[in-house]
Each structure stands twice: as C-alpha cells, then as structure tokens.
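Next come the chains, spelled out residue by residue.
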Protein chains: 2
Amino acid sequence: MLDFTHDPTATAWLDSANAPDTDFPLQNLPFGRIRRAASGEEWRIGVAIGDAVLDLRRALALGRWTSVEQVLLEPLAQGDLNVHMARPSAQRRQLRHALFEALRAGSPQAARLSAALVPQADVEHSLPARVGDYTDFYAGIHHAEAVGRLFRPDNPLLPNYKWVPIGYHGRASSLVVSGTPVRRPWGQRKGPQDEVPTFAPSLRVDHELELALWVGPGNALGEPIPLAQADEHLFGVGLLNDWSARDIQPWEYQPLGPFLAKNFASTVSPWIVTWEALAPFRCPQERPEGDPPSLAYLDSAANRSQGGLDIQLEVWLTPAGGRPSRIATSNARHLYWTAAQLLTHHASNGCNLQPGDLLGTGTISGPSPEQAGSLLELTQGGKQAIVLSDGQTRIFLQDGDELALRAHAERAGAKRIGWGACSGRVSPAVPAA
Amino acid sequence: MLDFTHDPTATAWLDSANAPDTDFPLQNLPFGRIRRAASGEEWRIGVAIGDAVLDLRRALALGRWTSVEQVLLEPLAQGDLNVHMARPSAQRRQLRHALFEALRAGSPQAARLSAALVPQADVEHSLPARVGDYTDFYAGIHHAEAVGRLFRPDNPLLPNYKWVPIGYHGRASSLVVSGTPVRRPWGQRKGPQDEVPTFAPSLRVDHELELALWVGPGNALGEPIPLAQADEHLFGVGLLNDWSARDIQPWEYQPLGPFLAKNFASTVSPWIVTWEALAPFRCPQERPEGDPPSLAYLDSAANRSQGGLDIQLEVWLTPAGGRPSRIATSNARHLYWTAAQLLTHHASNGCNLQPGDLLGTGTISGPSPEQAGSLLELTQGGKQAIVLSDGQTRIFLQDGDELALRAHAERAGAKRIGWGACSGRVSPAVPAA
C-alpha cells in the first residue's frame, strides 16, 4: 500500500514543512475544518503543511486542477469533510496524490497556491466533521487491567475481554475540538461511608488518552463489513481525550455503563491523519503468547501481521500559569484489538456505520506504570499524587489545568508525521443554583 | 396548562376524527414525516387527523394563515420537524392552536384544507426528525426488578436505582421508523457450559416496550436545565421498541453496558404526540411509601403531583400469516422517574441536549407478570413459553413475527388520544459468509 506519497526523501516548496521535527511534512497532509480566527468567514477544510494550512477553498479557486480533482475539492472548499469521507478510498487516494504533487518542491502550482496558505497560528478550528454517532471502545488492555486491578485485585480482566471487543456508545453532542474549555461537571456521588449520595461538582476530573478512528463510507443497516474490507471504511485517525469524572462513574454505572461521568465533554484533535498517510506505520498486532485466537470474523493473516499502529503518544499537564509536564508516554501498538477489528465487530450485527462516525479506541496505557493514559492509573486510584516539573502535585485535575495529548509516528525508512495537540483546560463548575 | 385545545366536546370537520375510538381526534394533532407512498415526492411534515393526514406542505399553500403561522409552517412544509422542535413552547402552542381552529368543525378553512388531506393508508413515513443523540434510560422499576431478580434473586434492585436515574447512550444511526423490517443480528454468545464463545445469529431476539421522549430546544454545553424548566424542553412522546438480543447481551455487557445486543435496530412510532396534547394525562409520580425523596435537583412539588403520564400501553405479536395476540398491557404511570427528571438529570452535568434528541424511558413493565414489557420477563428468562391466540407458543421472536406496540391515553373529562402502532417484523439473519 506504500506509494510515492510515502517517499521519505520528498520535500515541499514550503520550507517549514521540511523541518525534521515538524508534525506536518509533505507526507502527512491531515484534514481539519478551519477559518481565519474571528473573521466570521465560512468554514472550509484545510490541510496542515509545515507551520501553515492550505485553505482548500482558496486552493480550489487559485490552483490548476483536473476536472476530477475539482469535483473532489468542491465539498472540502465548502467545509464539508463528511462528503469526502463517504468517497471510495481510490478517490480519497487520488486527492492525496494531487495535493502531494501540488505542494511538492518544484510544483508549477507553488506560486498560485502560496496565496492559499494561512499560518496555523491564525486559524480557528471546529470539529473536523459532523459526528453522527460516537462509540468508545476499551481496547487498551493495560488500562483495562490496571483499572480492573483497582476493583478486583485477583481477577483484573473480565472473562470476555480477550474474545469480544468491549465498547459502548458515547455522546456525540458534547464532542468538542481541541482548545474548547471543559467545565467541571456536577454529579451524584456516594462514597462507601456515605449514607446517601450528594450532588456536587466532581472532585475527580480525569483525562483518558485515546485515538479517534474516523469512519469513511460505512455500511447499510443490516449489512456487516467483513474484516477484509475494513481498511476501505477507515478514513483516518485523530486524538481523543475522553474526560471522565471518577467520582460520578462508580455510583451511576451499574448495570448499564458510564453515562454522565463521561458525556460532559470529549475533546478531539483538530487534525485527522488519513489512513493512507499511516500506511508506513502499520505493525503486527500485539498479543501475548497463549492468548486465544480471534474468532474467524475478526481474524486474518493481514490483520495479525499489519493490523496494529505504531504511534507514539504523550500526555502533558500544564497548571494555570505554570509550565508543561509530560506525565505519560505510550504507544498505540499496545491496543489489544486493531482498528479493523473494532470497525468490523461494530458492524457485525448489522449496525450501520456512517461517514464521520467516530470510534474511540479506549485508553491506551502501556505495560509500565509511567505509560498510564489516565490519572486514575498514574495515581493508583487516587492514592499516590504525581509530582509536576515545577514541584506541584496532582491527584486529579484542578480548575485551570490544561491537559494536552500529543502523538507522532516515526519509523526507519519513513518520514516522521504528527498530530499536533489535542488540548483542553478545565474551567470551574457552574455555581450552585 | 389546559386550554381550549383540550376541550373534549370539540369536534373536527373530518368525520373520521370524531369516531369515539380514533387515536387521532382534533385534540391530538401529532406530527409525523410523510409523503405519498412510492411517489418520490419530497418529504413533508404531516399531522394525523382521524383516518387522514393533514399534509402541511399543501396546507401552507392552500390555507389562509397569519404571517406568524406561515413562518411556523414553513420548515414543516419542507419536512423539517427539528426546526419546529427548537422553537419556544409558546410558539409550538401557537401553531397547535392554529391547526386546531383550522380543523375544527365549522372552520372557514375546511373546504381549502380538505384538499391537503391524504388518507393515512396512502402515506409512507420516515423517522419524524433527525436524531442527534439517542439515550436510553432504565426508569421502569418493575422491569429493573424483574430482570434483576433473574440474576440476583435476593437483591434485584441495585443500591443506586432509587437515587440516580440509570441511563446509557444508544445508537442513533440504527433508529428506524415503524414498518421497517428488523434483521436478526449475528453476535457472540457464550453459555455457562460453553468453553469458548461462538459467533452466530441470535436465538433470543426480544422486544422492549418503551416511550420515546423527544427533546425540544435543549441546552448549551455546560448549562444544566433546572427541573422547573424541563417542560419547556419536552417536545413530545412517541413509542419505542428497543429490540434486544438476549444471548448477545450477557456476554458483551460487562463492564461498559449493552452494545451490539441493542444497536442492530430500535423502532420508533411514526407519530409524535406533543407535550401540549398530553396535558390532560399528567398524573402524580408513582412512588412506593418509604422510598427516598429525590435529591433537590430532581425534586419539586409539581413533579410529584403531576410529573407522571397516564398512558395505557399494549404489546401485540403476530406470527407470519397468523393473527395478532395481545401479549402484555402496561401503563406509563409505572415509571419510577418522570420525563422531567430524566431530562434534567441528563443535562445536570452540562451535557447538551439538542432538538430531536430522543430519550427512551426504559422498558415499562407493570407490577403484575402479564404487564411485562419484554419476552425475557414474560417467559421468566426464557424458561416458560407464552401461548398465542392461535395456539402457537413463543419464548423469543421467530423470523416473520411482527411485534407492535400500541398506546392511548384516556381519562374522565378528556378526549381519548392515541399513537397508532409502532411495529416491526423480524427478518432472517444475513446468510453466513
């Protein structure tokens, strides 16, 4: 699946895209929904390149494109990524090739398209696409084990974990894009010593480090997606912070799962790195020796050998007015189930997936304690504070704390690509009525 | 809150709306999204009246309306109920008054609007509105107790049940309108004797008898809705069959709740009876003596005295080619939490509700065994078959079975109103690949 857009030696005519540590070289070309900040102009889709964004509305107007490329660019110029997500992967790849050539060093389009560039610092983002449904999985086995161990020390993983990808439906309306403040929620909580529950602002606001899998064309109701066709329906990957109120969750979640502990906000990164751009970073599925094989509908040689994603993940915490501390690192290869398995399992009962649907992977903790993707794990259930670089300590998030997820992919023979940040700052709870 | 539209003596100029047993008298005026079957014409919103539908696209063109009424009718003529749901309740009431007067016996509009009527038998329906998010609650305490008793005979209700309204997110994409076939899902199941799970078509497809609460204007993210304002945000009530695969659910649902056992399809009634039309059928909240009072944010005198809904519910099962059997009756007054409490609780953490969002109540079983809203309960966990009127027996649903929910509200001093049917027929599973 590698083609010329993965050539690590290719360079762009925009110098900042050739910096060795940029998240956005020519080989990346992620999509976001942008407009110049405070301009009131219409939203349009942009493609990150170096420290700039190629504004596809202006690029369509200013560039030279084939008639097919014009058709592909039109909805993006109008700010509608969902239409593009719905296109067959061959068409998505065709647009990627065209943008790659147009931005490549020596392109005859350079002069025309330089007028379609906007500095990243000058744009604001909305959600990159309209999300019909948001599903959150639980595919980070080290997170499932660590959290399970807090509640069931002898038996941390439930018997179904290694057979059926565990997932639940999340709330689409409260998805927000990176940079949106996240208000501390009120909720019911009841400690083991409390006689009755109380309703008050949460004292245990936490983050969860996840990837967001964005769905492409999808399936009709009643028509499952075979594993061999899953790639066709994976549009791209973003970052996802599944904010969680750890004191609301234990009281409300039996027997139907998390609800108000999760749906006050979930933050996604502004940029979606396409499935095509991730081709060099596929890796074998990570499975401990002796684990059961996946059932036939979730198994294939290709999935075992290259279903995984080698993506390095970081979590940063910045207190109000303070300096950033990196509080965890992890890697997406630690996911127990692959993106293709999650998508195929989701549709295996006929459930229809639609362009722009979002599948969270679940918290991606690594096997070591410092690779934990949530404060719940880093603090051993709230018992052991972590120390930040300026000496402050944290058990859970305080008002004013900014939490940022970062990610990049880097492998021998490939050009490093990244996601930028997925961040949000905790703001104070609504005052009591 | 009663006004002239609740006058039980008022009659319509369309005779069929004055039949004593009609679901759709002048006092009802529910909304649905319709077009003439197989016509290919644009969808529009219609109002059921007697055995006909007032096509609001044609009604706008043919009738005499004030300029305000024209503004209110315009999006409905275009088939967009969500715009109307977003309007303040005063405007929704204003349109109700206008439609009531226009359809009332003696209206000068009768001749003009009779050309805007279509027989109900001639229309097809889509979902009445675009559903952004679908939440399913668990407010039927007799269902929660009966199902809990199957798993925990000594302790059927979990300790949180009487304090916090239990709910979880459902799948919006697989909501379908009454009449849509429901394909038997495949899924993983594992019995207690099975060494490993198998992936196969479900053998335990069941129905769940619920009400669908349709959300009106809603709230901004981070801004809760006080209980005293909940009425403003309740647009209306439909019927909901939350189809469930009882063999998939126990294997997959720990620890995050139901997922593929539920999201293969959920069927809603074509008609939404407005919150205004339900004013005569409000009743006291049903709470056993000695139960804990609701926490302050979920408590008010008005909610206790008139938060409930007195709606009679029926479940009918018709085998392929067979005749209908009424297999259960119940009443919405048995819900433990009121519609206002469910809505206020949902937004209490700042979660934003949007026009067209759908809140399922949870299965509304009554206190007696024959009032059970699911086959799981009627058959005591699949152990005792029920006998249909033609002598056939059922434990769970077979291919070809049609399951229909029906409802009506009837009280002294009020005109009886109803919902028609919410039905779906089970079709065979997808053949093995």
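The rules behind these values
Residues numbered from 1 in each chain as written. Chains lettered and ligands numbered in written order. Predicted model: local features only at pLDDT ≥ 70, side-chain atom pairs only at ≥ 80, totals over all residues. Heavy atoms only, no water. Helix = DSSP H or I, 4+ residues; strand = E, 2+ residues; numbered from the N terminus. Rg over C-alpha atoms; globule rule 2.2 N^0.38 Å. Buried < 20%, exposed > 50% of the residue type's maximum accessible area, 1.4 Å probe, protein only. Contact = heavy atoms within 4.5 Å. Areas by Shrake-Rupley, 256 points an atom, 1.4 Å probe, with all protein chains shown as cover. Lys, Arg positive; Asp, Glu negative; His and termini not counted. Charge placed at Lys NZ, Arg CZ, Asp CG, Glu CD. Buried area = accessible area lost by both parts, 1.4 Å probe. Salt bridge = Lys/Arg side-chain N within 4 Å of Asp/Glu carboxyl O. Polar contact = N/O pair within 3.5 Å; in protein donor to acceptor, adjacent residues only side chain to side chain. Nonpolar A, V, L, I, M, F, W, Y, C, P; charged D, E, K, R; others polar. Least-squares fit on C-alpha atoms with pLDDT ≥ 70 in both. 1 Å grid on protein atoms, 1.4 Å probe; cavity = no way out; pocket = protein on both sides within 12 Å on 5 of 7 lines; lining within 4 Å. Points joined across faces, edges and corners; volume = space filled by probe spheres on them. Core = buried A, V, L, I, M, F, W, Y, C linked by side-chain atoms within 4.5 Å. Domains from an automatic or database assignment.

Draft legend 1. The overall build of chain A, seen in detail. From N to C terminus, chain A includes ten helices and 26 strands. Relative to its length of 433 residues, chain A is compact, with a C-alpha radius of gyration of 22 Å against a globular reference of 22 Å. Across its three principal directions, the C-alpha atoms of chain A cover 70 × 50 × 40 Å. Considering chain A as a whole, with its 433 residues, one finds that 63% of them fall into the buried category. In chain A, 73% of the contacts between residues at least 6 apart in sequence involve partners at least 24 apart. Carbon and sulfur atoms provide 53% of the accessible area of chain A, an area that totals close to 15,300 Å². One finds the centroid of the 38 positive side-chain charges in chain A at a distance of 2 Å from the centroid of its 45 negative side-chain charges.

Draft legend 2. Inspection of the interface of chain B and chain A at higher detail. At the junction of the two partners, chain B supplies 57 residues and chain A supplies 57 residues. Overall, the association of chain B and chain A removes approximately 5,300 Å² of surface from exposure, summing both partners, and the carbon and sulfur fraction of that is 62%. Arg183(B) is paired through a salt bridge with Glu223(A); the nearest N and O atoms lie 3.3 Å apart. Connecting chain B to chain A are 35 residue pairs in polar contact (both at pLDDT 80 or more). Those elements that provide at least two residues to the side of chain B that touches chain A are strand S6 (134-137), strand S7 (167-169), strand S10 (186-189), strand S11 (198-201), helix H7 (249-252) and helix H9 (339-347) of chain B. Per-element tally for the side of chain B that touches chain A: the top contributor is S7(B), with three residues. Considered class by class, the residues forming the side of chain B that touches chain A number 31 nonpolar, 20 polar and six charged.

Draft legend 3. Layout of the relation of the copies chain B and chain A. Between chain B and chain A, which share one sequence, the superposing operator has a rotation angle of 180 degrees and an axial displacement of 0.0 Å; the RMSD is 0.0 Å. Taken together, the rotation and translation describe the operation of a two-fold axis. Considering only C-alpha atoms, the part of chain B nearest the rotation axis is Gly257(B), at 2.2 Å. Same-surface contact between copies: 100% of interface residues of chain B are shared with the interface of chain A.

Draft legend 4. Spatial organisation of empty space enclosed by the protein. With the rule as written, the count across this model stands at eleven cavities of 30 Å³ or more. Its volume calculated, the largest cavity comes out at about 100 Å³. Every residue lining the largest cavity is counted, 14 residues in all, and those nearest its centre are Gly308(A), Leu309(A), Leu335(A), Trp337(A) and Thr338(A). Looking at the lining of the largest cavity residue by residue, the classes come out as seven nonpolar, five polar and two charged. In this structure, the second largest cavity spans a volume of roughly 80 Å³. Taken together, 13 residues make up the lining of the second largest cavity; nearest its centre are Gly308(B), Leu309(B), Leu335(B), Trp337(B) and Thr338(B). Contributing elements (two or more residues each) for the lining of the second largest cavity: strand S13 (209-215) and strand S19 (308-309) of chain B. Class assignment for the residues of the lining of the second largest cavity results in seven nonpolar, five polar and one charged.

Draft legend 5. Here's a closer look at the nonpolar core. In this structure, Leu278(A), Leu278(B) and Ile311(B) are the most contacted members of the largest nonpolar core, which totals 156 residues. If we skip the residues at most four places from it in the chain, Leu278(B) touches Val237(B), Val273(B), Leu309(B), Ile311(B), Ile417(B) and Trp419(B).

Draft legend 6. Main features of the pattern of salt bridges. Per the stated rule, a full pass over the model turns up 55 salt bridges over all chains. For Lys162(B), the salt bridge identified is with Asp291(B), shortest N-O distance 2.9 Å. With Lys162(B) in the loop between helix H6 (141-151) and S7 and Asp291(B) in the loop between strand S18 (282-283) and helix H8 (301-306), the pair connects residues that are 129 residues apart, well separated along the chain. With a relative accessible area of 19%, Asp291(B) lands in the buried category. Connected via shared salt-bridge partners are Arg36(A), Glu41(A), Glu42(A), Arg44(A), Asp55(A) and Arg57(A).

Draft legend 7. Representation of the layout of surface pockets within the structure. Residue and element names in this part refer to chain B. For the largest pocket, the calculated volume is near 840 Å³. Along the wall of the largest pocket there are 41 residues; nearest its centre are Val147, Phe151, Gln249, Pro250 and Tyr253. Breaking the lining of the largest pocket down by element, the ones donating at least two residues are S6, H6 and H7. Here the element with the most residues in the lining of the largest pocket is H6; it accounts for six residues.

Draft legend 8. Summary view of the domain arrangement of chain A. All names here are of chain A. Considered domain by domain, chain A is made up of domain 1 (4-126) and domain 2 (134-427). Computed over C-alpha atoms, the centres of domain 1 and domain 2 are 28 Å apart. Each side of the interface is counted separately: domain 1 has 35 residues, and domain 2 has 29 residues. Summed over both partners, the interface of domain 1 with domain 2 buries about 2,400 Å², with 61% contributed by carbon and sulfur atoms. When the buried area of domain 1 at its contact with domain 2 is split by residue, Asp23, Met85 and Arg92 rank highest and sum to 25% of it. Here domain 1 is connected to domain 2 by one salt bridge.

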